[in-house]
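# Residue-level structure breakdown
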Amino acid sequence: MKADKINRLNRNTAVYRTIVFLFISVFCCSMGCRSIPFYRMTNKASQGLILSREGITAYEHGDLDLAEKKLKEAVDLNKTDIEAQRYYAETLWQGGKEQEALDVLQAAIKKKGSQDNELILNQTLGEKLLLLHRPEEAFLCGERMIYLDPKKFEGWIVRANACWQLGKKEEALADYQRGLYLSPDNRDILWQLAHLQNSIGSFDRALATWQHLGRLYPVNTEPPEVLYGKAEAYYHLKRHQDAAENLQLAIKLSPDKKEYYRLLSNVWLEKGDISSALTVAAQMVERAPQDPESLDLYRKIEQIRLAAIDRENKLR
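Just so you know, these numbers come straight off a predicted model, no measurement behind them. (Residues numbered from 1 in each chain as written. Predicted model: local features only at pLDDT ≥ 70, side-chain atom pairs only at ≥ 80, totals over all residues. Heavy atoms only, no water.)

## Structural notes on the overall build of the chain
In terms of helices and strands, the chain carries 16 helices and 0 strands. When each of the 316 residues of the chain is scored for burial, the buried share is 37%. For the chain, the proportion of contacts with a sequence separation of at least 24, taken over those separated by at least 6, is 45%. Of the roughly 18,900 Å² that the chain leaves accessible, carbon and sulfur atoms contribute 55%. (Helix = DSSP H or I, 4+ residues; strand = E, 2+ residues; numbered from the N terminus. Buried < 20%, exposed > 50% of the residue type's maximum accessible area, 1.4 Å probe, protein only. Contact = heavy atoms within 4.5 Å. Areas by Shrake-Rupley, 256 points an atom, 1.4 Å probe, with all protein chains shown as cover.)

Here it is as structure tokens:
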């Protein structure tokens, strides 16, 4: 009996020693792993991802200072986190550090990540270069995007916008049309294409494009910019009543746009309705009484009205 107790005690002691040994071994291994480069790399990457998420959250909440701090730390820890680099660049851009933002994007592009990441980075860089009126560099971004995936419309649009800024309107027109072929009913592309067609005097085609764009909105919800673009095409095609109707709707939606009043005044003048033209000019002055352009338009139409009265008096 006593021998059995001793045997059981020895077995329990052995089990206990085994457990202690395994615990110490695991602990030592884990501490040892911290000195292994792969462990440190994985740990840095995970820390970077946490900082990246915190930075993106701060950016989305409008805290640019915190976002910039967190995202810079994330990028320093994990050079392969493309999303962190993109948001870091956007944070710098929003904070007025345009060139620093461009530098971050260009450095990220040089890392040659996945195709999707390269496309997004080149698109972001190209769009920002266009905002800074640097179309030659933006053109190269569009070229790279088209080379990476010619079936994605975004590259064609970046290149089209660059061509337009460079004054190459025919090339821009071709690229917009290619982009629209790849993304039919894309409102942004239609809007840009219609504007370009207006600017080169292709008013028949512009009107068709504006009308197509207008049909993509629910009834009576066309934006004033679309109504104005359509009215401009109507005006140059001598369809004055259609132009006037679209401009009146545009003014109701956006009553502070001087160009809407100016074009509507010209529409009435060409139609021979001087009284309506003067009324529109007076409304423009009422909206901006100190604006020289508004006052000049009103005086010009008033002079036309007085000259017309004078002609009538001479004919009597």
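Now that the structure is up, let's keep going.
## A short note on the environment of Asp296
Mapped onto the elements of the fold, Asp296 is located in helix α16 (residues 292-315). Since its relative accessible area comes to 46%, Asp296 is described here as partly exposed. A polar side-chain atom of Asp296 sits 3.2 Å from a polar atom in the side chain of Arg299. (Polar contact = N/O pair within 3.5 Å; in protein donor to acceptor, adjacent residues only side chain to side chain.)

## Describing the nonpolar core
Counting residues in each nonpolar core, the largest one holds 42 residues, and the members touching the most others are Tyr176, Trp210, Leu247, Leu264 and Val267. Residue contacts for Val267: discarding those within four places in its chain leaves Tyr235, His240, Ala243, Ala244 and Leu247. In terms of nonpolar packing, the next biggest core, distinct from the first, is built from 30 residues, Leu71, Val75, Ala84 and Ala89 among them. (Core = buried A, V, L, I, M, F, W, Y, C linked by side-chain atoms within 4.5 Å.)

## Some remarks on the packing of aromatic side chains
All told, the structure shown has 3 aromatic pairs when counted by the stated rule. With 5.6 Å between their ring centres and 75° between their planes, Tyr59 and Tyr87 make a pair best called edge-to-face. Here Tyr59, found in helix α2 (residues 37-60), pairs with Tyr87, found in helix α4 (residues 82-94); they are 28 residues apart in sequence, far enough to count as distant. The aromatic ring of Trp93 is capped on one face by Lys128, whose charged end is 4.8 Å from the ring centroid. (Phe/Tyr/Trp six-rings, centres within 6.5 Å; stacked < 30°, edge-to-face > 60°. Lys NZ or Arg CZ within 6 Å of the ring centre and 35° of its normal.)

## Digging into the pattern of salt bridges
Scanning all chains against the criterion turns up 18 salt bridges. The closest approach of N and O atoms between Lys152 and Asp116, which form a salt bridge, is 4.0 Å. Placement of the pair is Lys152 in the loop between α7 (135-148) and α8 (153-165) and Asp116 in helix α6 (residues 115-131), with a sequence separation of 36 residues. With relative accessibility at 46%, the residue Asp116 sits in the partly exposed group. Across the pair Lys258 and Glu293 runs a salt bridge whose closest N-O atoms are separated by 3.4 Å. (Salt bridge = Lys/Arg side-chain N within 4 Å of Asp/Glu carboxyl O.)

## Some details on unusual backbone geometry
Positive phi, close to 65°, is recorded for Asp185, a residue that is not glycine. If you trace the backbone, Asp185 turns up in the loop between α9 (169-182) and α10 (187-199). Positive phi is not limited to glycine here, since Asn220 has a value of about 65°. Within the secondary structure layout, Asn220 lies in the loop between α11 (203-215) and α12 (224-236). Asn220 gets classed as exposed once you look at its relative accessible area, which sits at 80%.

## With respect to the side chain of Asn198
Inspection of the secondary structure assignment puts Asn198 in helix α10. Note on Asn198: relative accessible area 6%, which makes it buried. The contacts of Asn198, once residues within four sequence positions are left out, are Phe203, Ala206, Trp210, Gly229, Glu232 and Ala233.

## Brief notes about the environment of Leu253
In this structure, Leu253 sits in helix α13 (residues 240-253). Under the relative-accessibility criterion, Leu253 is labelled exposed at 53%. Taking the C-alpha atoms as reference, Leu253 lies 9.7 Å from Glu225; in sequence the two are 28 residues apart.

## Comments concerning the packing of α12 against helix α14 (residues 258-271)
At a closest axis distance of 11 Å, the pairing of α12 and α14 adopts a crossing angle of 30°. It follows that α12 is roughly parallel to α14 by the angle criterion. Like other packed secondary-structure pairs, α12 and α14 cross with a definite hand, here left-handed. Across the interface between the two elements, Pro224, Glu225, Tyr228, Ala231, Glu232 and Tyr235 from α12 touch Glu259, Tyr260, Leu263, Asn266, Val267 and Glu270 from α14. Residues belonging to the contact of α12 with α14 are distributed by class as follows: 7 nonpolar, 1 polar and 4 charged. (Axes fitted to C-alpha atoms, helices over the stretch in contact; angles between N-to-C directions. Parallel < 35°, antiparallel > 145°, perpendicular 65-115°, else oblique. Left-handed = near helix turned anticlockwise from the far one by under 90°. Nonpolar A, V, L, I, M, F, W, Y, C, P; charged D, E, K, R; others polar.)

## Structural notes on helix α3 (residues 64-77)
The end-to-end C-alpha separation of α3 is 20 Å, in line with the 20 Å expected for 14 residues at 1.5 Å each. Every buried residue of α3 is listed here: Ala67, Lys70, Leu71, Ala74 and Val75. Looking straight down α3, one finds its buried side chains confined to an arc of 135°; they lie on one side. (Expected span 1.5 Å × (residues − 1). Arc of directions from axis to C-beta.)

## Quick notes on the packing of α6 against α7
At a minimum axis separation of 8 Å, α6 and α7 run at an interaxial angle of 160°. Of the possible angle classes, the one that applies to α6 and α7 is roughly antiparallel. Between α6 and α7 the crossing geometry is left-handed. Contacts between α6 and α7 involve Gln115, Glu118, Leu119, Asn122, Gln123, Leu125, Gly126, Leu129 and Leu130 from the former and Pro135, Glu137, Ala138, Cys141, Arg144, Met145 and Leu148 from the latter. Along the lines of polarity and charge, the residues of the contact of α6 with α7 split into 9 nonpolar, 4 polar and 3 charged.

So, to be careful, I would describe these as geometric facts and stop short of saying anything about function.
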